[in-house]
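Summary of the model geometry
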Amino acid sequence: MAADKDNTANISLIVDFRPRLRKLIEIEFVLDHLNFLDNDNKDLIRTKARKESNLKAVDLLIDTIIRIRPLPKGWFREFVDALSAGGCKHAATYVEDSPPCPALEAENDNCVRLIELLSPSLLGMKTTDVCWDCFSKGILTMEDREIQTTTPESTKNKKRNMGGARELLRRIVRFPPGWFSTFLKALQVTEHKDLYKELTGESPDEPGVLMAVNEAPGNVDPMVEEGPVEAVGKSFLPGQETLDSSVTSMHLDEPSEADSEIAGCIAPAAESPPKAVIVLRDYQMDVARPALEGKNIIICLPTGSGKTRVAVYITKEHLDSRRKEGRPGKVVVLVNKVPLVEQHYSTEFWKFLKNKYKVERVSGDSQLKISFTDIVQKNDIVICTAQLLENYLERAHSGDDDGIKLSDLSLIVIDECHHTQKGGVYNHIMIRYLKQKHKNAKLKKEQKDTVAIPQILGLTASPGVGGAKKIDKAEEHILRICANLDAYKIMTGNLGENKKEPHKRIATAEERKEDPFGDVLKGVMNAIHIHAELNPTCDLGTQNYEQWVVQKEQNAAKEENQKVRVCAEHLRQYNEALYLGKTIRMWDAFSFLDKYFDEELKKKVAPEDEEAIIKTDTERFLFTLFKGNSKVKLQELAKLPQYENNSLAKLRTKILHEFTSREKARGIIFTKTRRSAIALAQWVQENSKFEEVGVKACHVIGGGGQSVVKPMTAAEQRDVLNKFQNAEINLLIATTVAEEGLDIAACNFVIRYELVTNEIAMIQARGRGRAEDSSYTLVAGEGSGVAERESVNEYREKMMSKAIDKVKKLDQEEYEKRIKEFQIQAIMEERVRTTKKKQKGMKKESPSKVKFSCRSCNKPVCSGEDVEIIENMHRVNVTPQFKELFIQRENTSLVKRLLDYETNGFIACKDCGQRWGSMMLYRGIECPCLHVKNFLVTYDEKRKNVNKWSELGIQLPAFDYAEHARSVAESSEDEESM
């Protein structure tokens, strides 16, 4: 009786899974292992397969098993073993009632359909090579190796290959989930890069982004790369005989009987554009698992290993699960740089999720005219700068209806999350989160309703050590970041064979034996020292000298000592030229100085119909000092190559070596300043030797407006990076803007030129060398200290890895205890800061107590009463009296258009030419916008150097647009009537 019940249950399983088994069983190989069937039944089933189809033969096999009475003892185990031995292991899992989870099953079906849709292209593969590699990787059996013999010898080679390819595709899909990633690897190994790219949407040269699909039961619904796909008339599925061995010489577009059986399955895929596949490698899935369970984690993976792709996958899983549960889902992806908004949107989140979810991006530079709150409400996923979210969280906290609450969000993804510290904007957002979390704990104890808080996902390549010198302090730094992000764990992956470490070397350049160019500059600087009665306490051309001269300028401004102040300004420029002469061409250093003096002279030339701008005796002395003999000497020396710095020679040798020793060289040079990036790019472009070896160089610099060098717009950055991606440019010369976050095509060499910052920047820069056999070189001048600082960074990197390992090995209870302590400390520190800020706000003095005077000539300019604030950001003075004090000049490097305002010129003192700020057009009204650093501020009779408006303890009134618009309109009417 028990045996009968077991047989009934087992037969019921086979019947229930019959639709699956029809597609997964290969009759020819399974029958050989079924001893409980007599030979007559086997012959009938084989005849059915040969004359009709494999599908019909499987039906007959199942019907035969159901009909046999009594079934012999052990028949079910024999059937399961026969399926496994016949290469139908996936079918065996169903018969044993151990099918994959619905998500994995759906994903596997999509993988099958993807192969099905792209089979016309796949038929062109080198079947023998792929077959052997698939066999070695375990997704083909011994019998499958004979695929190449499935076509008669008389058939042409091309048809033989296509027939073998059909058979290969038909057989690999019988294997359990995991076959797809193995097949991709086989294509990669056998150099089918075009087929690999067609299946994944990415080149196999880009590690960690598109490899393993359906590796583990966490994956769901992969999506196929969008692109034109032909309607496919045939399939290679096991039950579809167009790829059966009996008809391997048929063309793919020829009709067959099997088509009608799967038409319902193929047609929808053929009619609509397919989706983009999200595929993860094993190590990526491993780090994602806790997040897929809803836990907060930090994913720490090297640059180029696919962190963002993992985040996309987690985002999709998160939204899918909430949708199934009938709960709303809202994901915000935070970045710390404006260019990253567009990058994450177009290359990751929108690309892969657009068919299922609404994805939008917005930053301070966006031209969207609706509020950020509306954007969040109308979309499922929003990519934005962190400051934008913080602004709207603060609005909600202040009671503004147009704000956003943390409870409105279900997942926050924080890119480059190592910045969640030291009062940064990421930390401001997370402090709000931590406060609510600890309030929820209190509410829970009181049995009151808690407030929903989002899941947190942090991404970083390197959390750093925070300046720690000992391992315990490094461990504390890592724990603080984990605490700030409320991370359940910090996840690191074992990349194994996917890990690509570039070869590293340091190229040290000898000091110049002679530097007549630098000697002339030092001679001029010493003449200025004598004129201004200054005695420097450090070597010229150093960072220490820079700091010393800046301090002298600030003190002189407060003391109204114009002689020393102006001399200090000029000394700073000569010091910059000395530094440039050590890193770039002497000619570039000379051009920098020459341009500076031309600009200074232009400041002293008044526009038409204006009174002449006064030059002081000191200014005349300084202009004469440069424009006289010094300029001629520097110009002549700059043309002599024998005096160029040796670092530049080392760089030249390294570039030539890379482009002559590699078939296709592609590299990045990181340098310290925007000016040196531009100059190095010009140097490469103007050198014929570089052109001969195929170097095509361009620079990419930051978009911030703090530098005197014209910044790059986000569009200009994208244009350069796209050209680099498409090989129109093969050498990128960049400032640190390219070190972190920006998606740059795989390089095979990276050079840091006279540049060392911290261990995080070193890891980020090195990670740009993503190609096989890549190199990382530090070019450093002898005695510059650059090589020594690099060694310190290497030590810190090792210490960071050890600290992360120590944190991961902590007992979970101990880990959570320490995390909670740091969180409480962070909350308490925030409360102290908030209290002090409120007290400071209460003590804010009347604006009338603050006076502004020109930093250059000390002329009184205005009172704080005359200054108003626009959008809590721009300080403007629109009084008629102020308008009489300045002249307006065009500034081609300053062109901003943001929503309701634009700037394209600057204002300067009418008497001395000192720049005061910019002219801003705000909703049709010209508003002179003041930059406080250009003024000397007198507060309670004390003179101060102020760099930021926030340093002033005064409350400025908001700009009254309606009042000023009315005044402008009345003024215009008066002019028209005259």
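Residues numbered from 1 in each chain as written. Predicted model: local features only at pLDDT ≥ 70, side-chain atom pairs only at ≥ 80, totals over all residues. Heavy atoms only, no water.

As recorded by an unreviewed UniProt entry, the chain carries the name RNA helicase and is attributed to Oncorhynchus tshawytscha. The UniProt entry for the chain carries this comment under Catalytic activity (unreviewed entry): "ATP + H2O = ADP + phosphate + H(+)". If you open the UniProt record of the chain and go to Subcellular location (unreviewed entry), you find "Cytoplasm". (UniProt positions renumbered as here; feature names shortened; annotations may be inferred.)

Thoughts on the packing of helix α23 (residues 543–558) against helix α24 (residues 562–583)
Packing of α23 against α24 leaves a shortest axis separation of 8 Å and a crossing angle of 160°. One element, α23, and the other, α24, form an angle in the roughly antiparallel class. Read as a crossing pair, α23 and α24 show a hand that is left-handed. Contact residues: α23 offers Y545, E546, V549, V550, K552, E553, A556 and A557, while α24 offers V564, R565, A568, E569, L571, R572 and N575. In the contact of α23 with α24, the residues fall into eight nonpolar, one polar and six charged. (Axes fitted to C-alpha atoms, helices over the stretch in contact; angles between N-to-C directions. Helix = DSSP H or I, 4+ residues; strand = E, 2+ residues; numbered from the N terminus. Parallel < 35°, antiparallel > 145°, perpendicular 65-115°, else oblique. Left-handed = near helix turned anticlockwise from the far one by under 90°. Contact = heavy atoms within 4.5 Å. Nonpolar A, V, L, I, M, F, W, Y, C, P; charged D, E, K, R; others polar.)

Comments concerning helix α10 (residues 127–136)
Residues of α10 that are buried: T127, V130, C131, D133 and C134. A positive phi of about 90° marks G138, the residue just after α10. (Buried < 20%, exposed > 50% of the residue type's maximum accessible area, 1.4 Å probe, protein only.)

Regarding the nonpolar core
Ranked by size, the top nonpolar core spans 76 residues in total, and within it F517, Y574, L593, L651, I655, L731 and I733 carry the most contacts. Of all the elements, α24 adds the most residues to this core, at nine residues. Dropping the residues within four chain positions of it, I733 is found in contact with I669, T671, A677, L680, A681, V684, A697, C698, H699 and V700. With 48 residues, the next largest nonpolar core counts F372, A386, I404 and L485 among its residues. (Core = buried A, V, L, I, M, F, W, Y, C linked by side-chain atoms within 4.5 Å.)

Quick word on the sheet that holds strand β1 (residues 297–300)
Judged by pairing direction, the sheet is parallel, and its seven strands sit side by side in the order β3-β4-β2-β5-β6-β1-β7 without closing on themselves. Two strands lie at the open edges of the sheet, namely β3 (359–362) and β7 (489–492), each paired on one side alone. Ignoring strand direction, the axes of neighbouring strands in this sheet form an average angle of 20°. On top of the sheet, helix α20 (residues 425–445) reaches β2 (331–335), β5 (411–414) and β6 (455–460); it is set at about 145° to β2, its chief contact. (Pairing = 2+ DSSP bridges.)

Here's the deal with the packing of α10 against helix α12 (residues 179–189)
For any two helices packed against each other, the geometry is given by the interaxial angle and the distance between the axes. Look at α10 against α12: their axes get within 9 Å of each other, and the N-to-C directions meet at 130°. Taken together, α10 and α12 sit at an angle that is classed as oblique. The two elements α10 and α12 meet at a crossing, and its hand is right-handed. Of the residues in α12, those in contact with V130, D133 and C134 of α10 are F183, K185, A186, L187 and V189. Residues belonging to the contact of α10 with α12 are distributed by class as follows: six nonpolar, no polar and two charged.

Some points on the environment of G581
Here G581 is to be found in helix α24. Given the relative accessible area of 4%, G581 is considered buried. In this structure the C-alpha to C-alpha distance between G581 and G541, which are 40 residues apart in sequence, comes to 9.5 Å. Excluding residues that lie within four positions of it along the chain, G581 makes contacts with R512, A589 and N645.

Some details on the sheet that holds strand β14 (residues 850–854)
A sheet is described by the order of its strands in space; here four strands give the open sequence β15-β14-β23-β24, paired in antiparallel fashion. The outermost strands of the open sheet, each flanked by one partner alone, are β15 (860–863) and β24 (942–944). Neighbour-to-neighbour, the strand axes of this sheet turn through a mean angle of 30°, independent of strand direction. Bridge count for β14 against β15 is three bridges, and the pairing is antiparallel. The residue bridging S853 from the neighbouring strand is P860, located in β15.

Description of helix α22 (residues 516–532)
The terminal C-alpha atoms of α22, which comprises 17 residues, lie 24 Å apart, in line with the 24 Å expected from a rise of 1.5 Å per residue. Of all the residues in α22, the buried ones are P516, F517, G518, V520, L521, V524, M525, I528, H529 and A532. On its buried face, α22 sits against α23, α24, α25 (586–603) and α26 (617–637). Backbone geometry just after α22 places E533 at a positive phi near 55°. (Expected span 1.5 Å × (residues − 1).)

Quick word on the side chain of N108
Relative to the elements of secondary structure, N108 occurs in helix α8 (residues 102–117). Residue N108 is classed as buried on the basis of its relative accessible area, which comes to 4%. Polar contacts involving the side chain of N108 include one to the side chain of W179, which spans 2.8 Å. (Polar contact = N/O pair within 3.5 Å; in protein donor to acceptor, adjacent residues only side chain to side chain.)

Points about the packing of aromatic side chains
In this structure the tally under the stated criterion is 22 aromatic pairs. Aromatic side chains Y574 and F597 sit 6.1 Å apart centroid to centroid with 55° between the ring planes, which places their arrangement in the tilted category. Linking Y574 in helix α24 with F597 in helix α25, this pair joins segments that are 23 residues apart in sequence. Under the relative-accessibility criterion, Y574 is labelled buried at 1%. (Phe/Tyr/Trp six-rings, centres within 6.5 Å; stacked < 30°, edge-to-face > 60°.)

Quick notes on the pairing of strand β10 (residues 697–700)
Remark: a regular strand shows side chains that alternate across the two faces of the sheet. Of the two faces of β10, the one carrying A697 and H699 and the one carrying C698 and V700 are both buried. In this structure, β10 lies alongside strand β11 (residues 731–734), joined through four bridges in parallel fashion. Following the sheet pairing, V700 is matched in β11 by A734.

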